[in-house]
Amino acid sequence: MTQWGNAVRKAVIPAAGLGTRFLPATKAMPKEMLPVVDAPAIQYVVEEAVSAGLTDVLMITGRSKRALEDHFDRAPDLEQTLEAKGDKTRLEAVQYASELGPIHYVRQGEPKGLGHAVLCGRQHVGDEPFAVLLGDDLIDERDDLLTTMMHVQAKTGGSVVALIEVEPSQISAYGCADISAIGGEGFVRVNSLVEKPNVEDAPSNLAVIGRYVLHPEVFNVLEATEPGRGGEIQLTDALQTLAAAEGDGSGVYGVIFRGRRYDTGDKLSYLKAVITMASERAEFGEDLKTWMKDFIA
């Protein structure tokens, strides 16, 4: 293993999807702005990147995504109104989102897949390793998954994916990894990746979730990657190429995550995420759990 010299400092957050699974709620509102308790899902993702020490965030957006930019921008009229009311708590909450750090925006233009969305960040990222965070997966702030992945990337010089164990019957909903253990290390080598395999063809029950730390060589591979499943340019296909390659930037490694993850990717999982996170809130969590017990009874 060779060590890549640059520290990770940039995050790419793809946010150009249409959110069709949440229609009609997402007809006029980006799916990333759906509230999880009292903050939009995208805010938790940006907070995670900032907490991991990433100082430069690039959001890949598309049409009808202006609300994302507005959310992380200052709102002088609203702030003045809250200040005049003496509502310090809500004023601080509103200002907090705009103070998370510099956030830049690039439009994807056409929905050509996750791989294409990542490729749209090439000019901004340049020739350095970077993180990719998908908004469907919220990682609990008490778990340091991204920091661990950044350490693995620095140690190996390759690309790193986050993996979770799922029920074998559920693996066809995910990218799936075939892995080998590395003696004395807390991470694994990824031999190959398959995007949404049939259950009987899956090499394992290890699913790829929405956190990546990538070597910039992935951009060269994505440029040459043909559309795959669904007619889209799949990031999984590019990582499969890197896993089998040799030389600078090759090799893919996995961190198996067993911490707290909240899936907002479909309606039921989204509701579970909201309830789980709300039940842990100090101001009303106990009251909510008491109500849920009565409701279930």
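Just so it is clear, the model here is predicted, and its values are computed rather than measured.

Colleague: Lay out the overall build of the protein in plain terms, naming residues and giving numbers.
Modeller: What the protein contains, in helices and strands, is 11 helices and 13 strands. In terms of overall size, the protein behaves like a compact globule, its C-alpha atoms giving a radius of gyration of 20 Å where 297 residues would be expected to give roughly 19 Å. Seen through its C-alpha atoms, the protein measures out along the principal axes to roughly 60 × 50 × 40 Å. Taking all 297 residues of the protein together, the buried fraction comes to 48%. Pairs at least 24 apart in sequence give 76% of the contacts found in the protein among residues at least 6 apart. Summing over all exposed atoms, the protein offers an accessible surface of approximately 15200 Å²; the carbon and sulfur share of this is 49%.

Colleague: Any chance you could break down unusual backbone geometry for me, citing the residues and the numbers?
Modeller: A cis amide bond links L23 to the next residue, P24, at an omega of 5°. Among the secondary structure elements, P24 is positioned in the loop between β1 (10-14) and β2 (35-36). Phi at V37 is positive, roughly 65°, even though this residue is not glycine. Within the secondary structure, V37 is located in the loop between β2 and β3 (39-40). Note on V37: relative accessible area 26%, which makes it partly exposed.

Colleague: Any chance you could break down the pairing of strand β4 (residues 56-61) for me, citing the residues and the numbers?
Modeller: Among the 6 residues that make up β4, 6 are buried, leaving the element largely enclosed by the rest of the structure. On β4, burial covers both faces: D56, L58 and I60 on one face and V57, M59 and T61 on the other are all buried. Direction of pairing for β1 relative to β4: parallel, over a ladder of 5 bridges. Considered in β4, the bridge of I13 is made with M59. Pairing analysis gives 5 bridges linking β4 to strand β5 (residues 103-107), with the strands arranged parallel.

Colleague: Would you mind going over empty space enclosed by the protein in detail, with residue names and values included?
Modeller: Across all of its chains, the model carries 1 cavity of 30 Å³ or more by this definition. Volume-wise, the largest cavity comes out at about 30 Å³. Around the largest cavity, the lining residues are L193, V208, Y212, L235, T236 and L239. Looking at the lining of the largest cavity, the elements that each hand over two or more residues are β11 (206-214) and α9 (235-244). Top element by residues in the lining of the largest cavity is α9. It accounts for 3 residues. In the lining of the largest cavity, the residues fall into 5 nonpolar, 1 polar and no charged.

Colleague: With reference to specific residues and values, describe a nonpolar patch on the surface.
Modeller: Together, W291, F295 and I296 give the surface a local cluster of nonpolar side chains, amounting to about 430 Å² of exposed area. Structurally, I296 is set in helix α11 (residues 285-296). Residue I296 is classed as exposed on the basis of its relative accessible area, which comes to 71%.

Colleague: I'd like a rundown of the packing of aromatic side chains, residues and numbers included.
Modeller: How two aromatic rings sit relative to each other is set out by the distance from centre to centre and by the angle between their planes. For the structure shown, the criterion picks out 4 aromatic pairs. With centroids separated by 5.0 Å and ring planes inclined at 0°, the aromatic side chains of F130 and F219 adopt a geometry described as stacked. Here F219 lies in helix α8 (residues 217-223) and F130 lies in strand β6 (residues 130-133), a separation of 89 residues in the sequence.

Colleague: Just give me the short version of the side chain of Q95, but keep the residues and values in it.
Modeller: Among the secondary structure elements, Q95 is positioned in helix α4 (residues 88-98). Looking at Q95, its side chain comes within polar contact range of the side chain of E79, at 3.4 Å. Leaving out residues up to four positions away in the same chain, Q95 has contacts with R74 and E79.

Colleague: Give a description of the packing of helix α10 (residues 267-279) against α11 that names residues and reports values.
Modeller: The description of two helices packed together rests on the angle between their axes and the distance between the axes. Where α10 contacts α11, the axes come no closer than 7 Å and their chain directions differ by 125°. For the element pair α10 / α11, the angle class is oblique. Residue-level contacts link I275, A278 and S279 of α10 to G285, L288, K289 and M292 of α11. A per-class count over the contact of α10 with α11 returns 4 nonpolar, 2 polar and 1 charged.

Colleague: Which residues make up the layout of surface pockets, and what values do they have?
Modeller: Here the largest pocket is characterised by a volume of approximately 1400 Å³. Those elements giving two or more residues to the lining of the largest pocket turn out to be α5 (114-119), β11, α9 and β13 (261-263). Counting residues per element, the lining of the largest pocket draws most heavily on β11, which supplies 4 residues. Here the residues of the lining of the largest pocket are counted per class, giving 18 nonpolar, 13 polar and 13 charged. For the second largest pocket, the calculated volume is near 1100 Å³. What lines the second largest pocket is a set of 39 residues, and nearest its centre among them are A39, Q43, Y44, E47 and E141. In terms of residue count, helix α1 (residues 41-51) provides more of the lining of the second largest pocket than any other element does, 7 residues in total.

Reading the values: the criteria
Each chain has its residues counted from 1, following the order in which its sequence is written. Per-residue local features of the predicted model are confined to residues with pLDDT of at least 70, and side-chain atom pairs are confined, for both listing and counting, to 80 or more; whole-chain, interface and lining totals are unaffected and use all residues. Hydrogen atoms and water are omitted, and side-chain values are computed over all heavy atoms in the structure. Helical segments are the DSSP runs of H or I of at least four residues, strand segments are the runs of E of at least two, and each set is numbered from the N terminus. Atoms counted for the radius of gyration: C-alpha only. Globule rule: 2.2 Å times the number of residues to the power 0.38. Throughout this description, buried means an accessible area under 20% of the type-specific maximum (1.4 Å probe, protein chains only), exposed means over 50%, and partly exposed covers the range between. Any pair of residues with heavy atoms lying within 4.5 Å of one another is described as a contacting pair. Here the accessible surface of atoms and residues is derived via Shrake-Rupley with a 1.4 Å probe, and residues count as covered only by protein chains that are part of the display. Strands were regarded as paired on the criterion that DSSP finds at least two bridges between them. In the cavity and pocket records, a cavity denotes points on a 1 Å grid over the protein atoms alone where a 1.4 Å probe fits but cannot get out, a pocket denotes an open set with protein on both sides within 12 Å along at least 5 of 7 lines, and lining residues are residues with an atom within 4 Å of a point. Grid points are joined across faces, edges and corners, and a volume is the space filled by probe spheres set on the points. When residues are sorted by character, Ala, Val, Leu, Ile, Met, Phe, Trp, Tyr, Cys and Pro go into the nonpolar class, Asp, Glu, Lys and Arg into the charged class, and all the rest, Gly among them, into the polar class. Distance thresholds for patches are 9 Å for like charges and 5 Å for nonpolar side chains (Val, Leu, Ile, Met, Phe, Trp, Tyr), applied to residues having over 30% relative accessible area and no salt bridge. One side-chain nitrogen of Lys or Arg within 4 Å of one carboxyl oxygen of Asp or Glu is enough to make a salt bridge. Here is the rule: rings of Phe, Tyr and Trp (six-membered ring for Trp) pair when centre to centre is within 6.5 Å. Planes less than 30 degrees apart are stacked, more than 60 are edge-to-face, and the remainder are tilted. Residues adjacent in sequence count toward polar contacts only when both atoms are side-chain atoms; beyond that, a polar contact is any pair of N or O atoms within 3.5 Å, and within protein one must be able to donate a hydrogen and the other to accept it. Structural elements are reduced to axes, namely lines fitted to C-alpha atoms, with helices fitted over the stretch in contact, and the angle between N-to-C directions of any two is expressed from 0 to 180 degrees. Our angle categories are set so that under 35 degrees counts as roughly parallel, over 145 as roughly antiparallel, 65 to 115 as roughly perpendicular, and the remainder as oblique.

Any functional reading would require information beyond the geometric quantities listed.
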